Amino acid sequence: MAGDREWSPLELTPNAIGVSPGPEGLVEYLAATDLHEQLVKAKAIVFRDFRLSPRDLESKLDLFLPNRLAYVHGNSPRTKVGKNVYTSTEYPAEFTISMHNELSYSHHWPTRLLFFCEQAPAIGGATPVVDGTRWLAALDDDVRDAFRGGVRYTQNLHGGAGLGKSWQDTFETGKPDEVEEFLAQADASWVWKPDGGLRVSQLRPSTRKHPVTGDEVWFNQADQWHAAGLGDETAAALRAILPEEDLPQSVTFADGSPIPEEYVVQIRDRGLSNAVDVDWQAGDVLLVDNLLVGHGRRPFSGDRRVLVAMSD
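This structure is a prediction, so every number in the text was calculated from the model and none was measured.

Some remarks on a nonpolar patch on the surface
At step 1: On the surface, Tyr-91, Phe-95 and Leu-230 cluster together into a nonpolar patch covering about 270 Å² of accessible area.
At step 2: Tracing the backbone shows Tyr-91 in the loop between β4 (85–87) and β5 (97–100).

Here you go:
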């Protein structure tokens, strides 16, 4: 792992913690450790050289995440491969995925994320992680001030065919009443469209404070929901197809006023520049406090398979 010397994930190996190599040593360690307390202190932990296979992970996942959550209302393309276990975002290998906290736009987000490397890529493909307090501090004062009132996210989910995700895939159900129940509990507003699609609007804060440490962190996905965060060419192509309010996802300030493109680019770039890369080895586990730490993905070549699970 390389990057910011002021903070990096804690790396634990059998030699470092004095247990036998292999999955049994990891079980021994987890049984004797307050993992929640350790994770809050470290913010992110890499478990390496325990020779975990996907089968080992499946049998021991509850030790890391006792109450796994479904990826409901998630906006990135994934494949469900087990009991609330998913592939990491299925996005073209040549692109960077910018820094974000999982489901930060949602009313209920996971507090803990687990990444498991089933297959490391030939080149690249690191998962960068960023300390949320550092990301917040890296932004210019005028940007932080502009976001004090929060942001408004808008989703346009098609009913089975169209650009982006369908509402059925997003909410893992084909029943509109179940979707409405979820959105009502999430303090979101929604409209069913004549073509069978669904428009969802959510007002959310731009920062949050950690309930244990009290640290204020940057905690929103404005740069990922804004067309400018995709780059000039992609943004121009999208705007040529649809007005911004009809895009699969968009974002404004809480009062509905537009977010300047230069703010979006600054947020994206400073998150990435302050990140630390976790370079994968097969069998690695990365555990992160999803409130304290944002994550992303570097471009890669060759096959790469990283699985993700999350919990309260």
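Thoughts on the packing of aromatic side chains
At step 1: Within this structure, the stated rule accounts for 10 aromatic pairs.
At step 2: With centroids separated by 5.2 Å and ring planes inclined at 80 degrees, the aromatic side chains of Trp-167 and Trp-192 adopt a geometry described as edge-to-face. Separated by 25 residues along the polypeptide, Trp-167 in helix α7 (residues 167–171) and Trp-192 in strand β10 (residues 189–192) bring together distant segments of the chain.
At step 3: The class of Trp-167 is buried, set by a relative accessible area of 6%.
At step 4: Judged by relative accessible area, Trp-192 falls into the partly exposed class, the value being 29%.
At step 5: Note on Phe-171 and Phe-182: the rings are 5.6 Å apart at their centroids and 65 degrees apart in plane angle, and the pair reads as edge-to-face. Here Phe-171 is found in helix α7, whereas its partner Phe-182 is found in helix α8 (residues 176–185), with 11 residues between them in sequence.
At step 6: In textbook terms, an aromatic cluster arises when at least three aromatic residues are bridged by ring pairs, as seen for Tyr-105, Tyr-153 and Trp-225.

Section: the sheet that holds β5
At step 1: Taking strand neighbours across the sheet as the criterion, the four strands line up as β5-β17-β8-β15 in an open arrangement whose pairing is antiparallel. Every interior strand has two partners, whereas the edge strands, β5 and β15 (276–278), have only one. Put simply, the sheet's adjacent strands are angled 25 degrees from each other on average, direction ignored.
At step 2: Across the sheet, helix α11 (residues 261–273) is in contact with β5 and β8 (127–131); its angle to β5 comes to roughly 85 degrees.

A closer look at the pattern of salt bridges
At step 1: Applying the stated criterion across every chain yields a total of 13 salt bridges.
At step 2: Put simply, Glu-6 and Arg-134 hold a salt bridge, and the shortest N to O gap is 3.3 Å. On the criterion of sequence distance, the pair formed by Glu-6 in the segment before β1 (10–12) and Arg-134 in helix α5 (residues 132–138) is long-range, its members being 128 residues apart.
At step 3: Owing to a relative accessible area of 65%, Glu-6 belongs among the exposed residues under this scheme.
At step 4: Residue classification places Arg-134 among the partly exposed residues on the basis of a relative accessible area of 29%.
At step 5: Each of the salt bridges in this network shares a partner with another, and the network as a whole consists of Glu-11, Arg-48 and Asp-284.

So, the sheet that holds strand β19 (residues 305–311)
At step 1: With mixed pairing, the seven strands of this open sheet are ordered in space as β1-β2-β16-β6-β19-β4-β3. Among the strands making up the open sheet, the edge pair consists of β1 and β3 (80–82). Pairs of neighbouring strands in the sheet enclose a mean axial angle of 25 degrees, with direction left out of account.
At step 2: Summarising the sheet, strand β6 (residues 112–119) and strand β16 (residues 285–289) pair through five bridges and their orientation is antiparallel. Within β16, the residue paired with Arg-112 across the bridge is Asp-289.

Describing the packing of helix α2 (residues 23–31) against helix α4 (residues 54–64)
At step 1: Contact geometry for α2 and α4: axes closest at 11 Å, N-to-C directions at 10 degrees. One finds that α2 runs roughly parallel with respect to α4. Counting all contacts with α2, which are made through Pro-23, Leu-26, Val-27 and Leu-30, the residues of α4 involved are Asp-56, Lys-60, Leu-63 and Phe-64.
At step 2: Residues that form the contact of α2 with α4 fall into these classes: six nonpolar, no polar and two charged.

Each value, and the rule that gives it
Residues numbered from 1 in each chain as written. Predicted model: local features only at pLDDT ≥ 70, side-chain atom pairs only at ≥ 80, totals over all residues. Heavy atoms only, no water. Patch = residues over 30% accessible without salt bridge, like charges linked within 9 Å, V, L, I, M, F, W, Y side chains within 5 Å. Areas by Shrake-Rupley, 256 points an atom, 1.4 Å probe, with all protein chains shown as cover. Salt bridge = Lys/Arg side-chain N within 4 Å of Asp/Glu carboxyl O. Helix = DSSP H or I, 4+ residues; strand = E, 2+ residues; numbered from the N terminus. Phe/Tyr/Trp six-rings, centres within 6.5 Å; stacked < 30°, edge-to-face > 60°. Buried < 20%, exposed > 50% of the residue type's maximum accessible area, 1.4 Å probe, protein only. Pairing = 2+ DSSP bridges. Axes fitted to C-alpha atoms, helices over the stretch in contact; angles between N-to-C directions. Contact = heavy atoms within 4.5 Å. Parallel < 35°, antiparallel > 145°, perpendicular 65-115°, else oblique. Nonpolar A, V, L, I, M, F, W, Y, C, P; charged D, E, K, R; others polar.

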